[in-house]
Amino acid sequence: MNIELRHLRYFRAVAEAASFTAAARNVHVAQQVLSAQIRQLEDALGVQLLERTSRGVVLTAAGAAFLDGARATLADLDRAAAAARNAARAIVGELVVGLNVAASGELPTELIAAFGRAEPQVSVQLRTYELSEPAGGLLDRSADVSFVRPPLAAAGLCLEEIASEPRVFVLPAGHLLASRSCLRLTDVAGLPWVAAEEATDGSDPVRWRDDWLMSPRPDGDVPIIGAVARTIDEWREHVVAGHGVSLCPASAETFHARPGIAFVASEGVPPAVLCVAWRADDSRPAVRRFVEVVTSAAGAAGAAGDVVGVAGASGAEDRR
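Summarised in this report is the structure supplied together with it. (Residues numbered from 1 in each chain as written. Predicted model: local features only at pLDDT ≥ 70, side-chain atom pairs only at ≥ 80, totals over all residues. Heavy atoms only, no water.)

### As for empty space enclosed by the protein
A probe as big as a water molecule, rolled over the atoms, marks out the empty space that is left. Within the structure shown, the criterion is met by one cavity of 30 Å³ or more. Empty space within the largest cavity amounts to approximately 270 Å³. Looking at the largest cavity, it is lined by 22 residues, and the ones nearest its centre are Ala102, Leu131, Trp235, Leu247 and Cys248. If one sorts the elements of the lining of the largest cavity by residue count, strand E11 (residues 246-249) sits on top with four residues. (1 Å grid on protein atoms, 1.4 Å probe; cavity = no way out; pocket = protein on both sides within 12 Å on 5 of 7 lines; lining within 4 Å. Points joined across faces, edges and corners; volume = space filled by probe spheres on them. Helix = DSSP H or I, 4+ residues; strand = E, 2+ residues; numbered from the N terminus.)

So this is what it looks like as structure tokens:
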């Protein structure tokens, strides 16, 4: 007869419980079945492993020697099984993470780091995209997932909202309105604006630009475009030069400030939303796992007060 794993498990259970009754209960078999399995094991080995006494069951010298080997064999099997399950669940490969410059900041950096800790076997490459590429490389497939700011008027994209923050007005430092503590759209009516270039990445050419121009406006005011910028540096230079005012996320004051620019709080302006985005037809485990880790980490950061105005996962535009 061959010795099978169940023999080792049943023998270990009896040896550790020092009782056939308790061992049968622990391994969920009838006591008669357990006794029969132990006899089979002893017959196969040709030695007595256990001895019944008035105080219960004790190991013979042969049983004590065999118990050490049985435990080691079962432990090796458990480790091998765990390794196999972990290998099956492991996510490997490469992931290109896109970052639209308007979505840059501390939070995306922290979330990418969180993914690296959660899935160290995935090689992450980061690519940045200009103001004229609001979809962050998703439409031309140069990125697998991206941090973006909606709206993204493009088919086939999924967005998960992870945070929001106020928008602020940006003006030349010497502008008459720069000393104000707060501004509304009516305060800047008639002033020229610095606008983003029209989108060139396959999304609607003007939808994203117009959202930051707050166009259309409830009062019918039509924004005047005084300059167009493709990059953050161009946008800042136009503002400093007095070519126009603008709106940007409040965090831009930390990451894109420079001499000659003033940031003024806004009133009555919708917040700036940050999303993680991916293609709806991309079901690769690395992509799905990135979204899972990022949304979870962003939610935890928001609960701890580490980010401004973290929003819920529902309601993001174009979410599918």
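### Let's talk about the sheet that holds E11
Adjacent strands of a sheet pair through backbone hydrogen bonds, lying either parallel or antiparallel. On the basis of which strands lie adjacent, the open sheet formed by four strands has the order E8-E12-E7-E11 and mixed pairing. The open sheet has two free edges, formed respectively by strand E8 (182-183) and E11, since each of these has just one partner strand. Note: E8 against strand E12 (residues 261-266), two bridges, orientation parallel. Across the sheet, the residue bridging to Leu183 is Ser266, located in E12. In the packing of helix H7 (residues 232-240) onto the sheet, the strands contacted are strand E7 (167-172), E11 and E12, and the crossing angle to E7 comes to about 55 degrees. (Pairing = 2+ DSSP bridges. Contact = heavy atoms within 4.5 Å. Axes fitted to C-alpha atoms, helices over the stretch in contact; angles between N-to-C directions.)

### Looking at the side chain of Arg209
Within the element layout of this structure, Arg209 appears in helix H6 (residues 207-212). Contact partners of Arg209, with chain neighbours within four places excluded, come to Ala195, Ala196, Glu198 and Ile225.

### Points about the pairing of strand E3 (residues 93-100)
Regular strands place side chains that alternate from one sheet face to the opposite one. For E3, the tally of buried residues reaches six of eight residues, placing the bulk of the element in the interior. Sheet topology places E3 next to strand E4 (residues 122-129); eight bridges connect them, and they run parallel. If you follow Gly93 over to E4, its bridge partner there is Val122. Assessed by its sense of winding, the connection that carries the chain from E3 through helix H5 (residues 106-118) to E4 is right-handed. Here three bridges tie E3 to strand E5 (residues 145-148), and the two strands are oriented parallel to one another. Among the inter-strand pairings, Leu99 is bridged to a residue of E5, identified as Phe147. (Buried < 20%, exposed > 50% of the residue type's maximum accessible area, 1.4 Å probe, protein only. Right-handed = clockwise from strand over helix to strand, strands pointing away.)

### Here we look at the packing of helix H1 (residues 5-17) against helix H2 (residues 20-27)
For any two helices packed against each other, the geometry is given by the interaxial angle and the distance between the axes. Two numbers describe how H1 lies on H2: the axes approach to 8 Å, and their chain directions differ by 130 degrees. What the angle tells us is that H1 and H2 run oblique. Crossing hand, H1 versus H2: right-handed. Counted together, Tyr10, Ala13, Val14 and Ala17 of H1 and Phe20, Ala22, Ala23, Asn26 and Val27 of H2 form the full contact between these two elements. For the contact of H1 with H2, the residue count by class is eight nonpolar, one polar and no charged. (Parallel < 35°, antiparallel > 145°, perpendicular 65-115°, else oblique. Left-handed = near helix turned anticlockwise from the far one by under 90°. Nonpolar A, V, L, I, M, F, W, Y, C, P; charged D, E, K, R; others polar.)

### Notes on unusual backbone geometry
Across residues other than glycine, the phi torsion is negative in most instances, and most of the peptide bonds are trans. Here the amide bond leading from Pro150 into Pro151 is cis, since omega sits at 15 degrees, within 30 degrees of zero. Assignment of secondary structure puts Pro151 in the loop between E5 and strand E6 (157-165). Along the chain, Ser215 connects to Pro216 via a cis peptide bond; the corresponding omega equals 5 degrees. Within the secondary structure, Pro216 is located in the loop between H6 and strand E10 (224-229). The backbone of His28 sits at a positive phi, close to 60 degrees, despite the residue not being glycine. On the secondary structure map, His28 appears in the loop between H2 and helix H3 (31-45).

### Regarding the pattern of salt bridges
Within the structure shown, the criterion is met by 19 salt bridges. We note a salt bridge from Asp144 to Arg284, for which the minimum N-O separation is 2.8 Å. Here Arg284 lies in the loop between strand E13 (272-279) and helix H9 (285-303) and Asp144 lies in the loop between E4 and E5, a separation of 140 residues in the sequence. Overall, Arg284 belongs to the partly exposed group, its relative accessible area being 36%. With a shortest N-O distance of 2.8 Å, Asp221 and Arg217 are connected by a salt bridge. Connected through shared salt-bridge partners, Asp144, Arg279, Asp282 and Arg284 make up one network. (Salt bridge = Lys/Arg side-chain N within 4 Å of Asp/Glu carboxyl O.)

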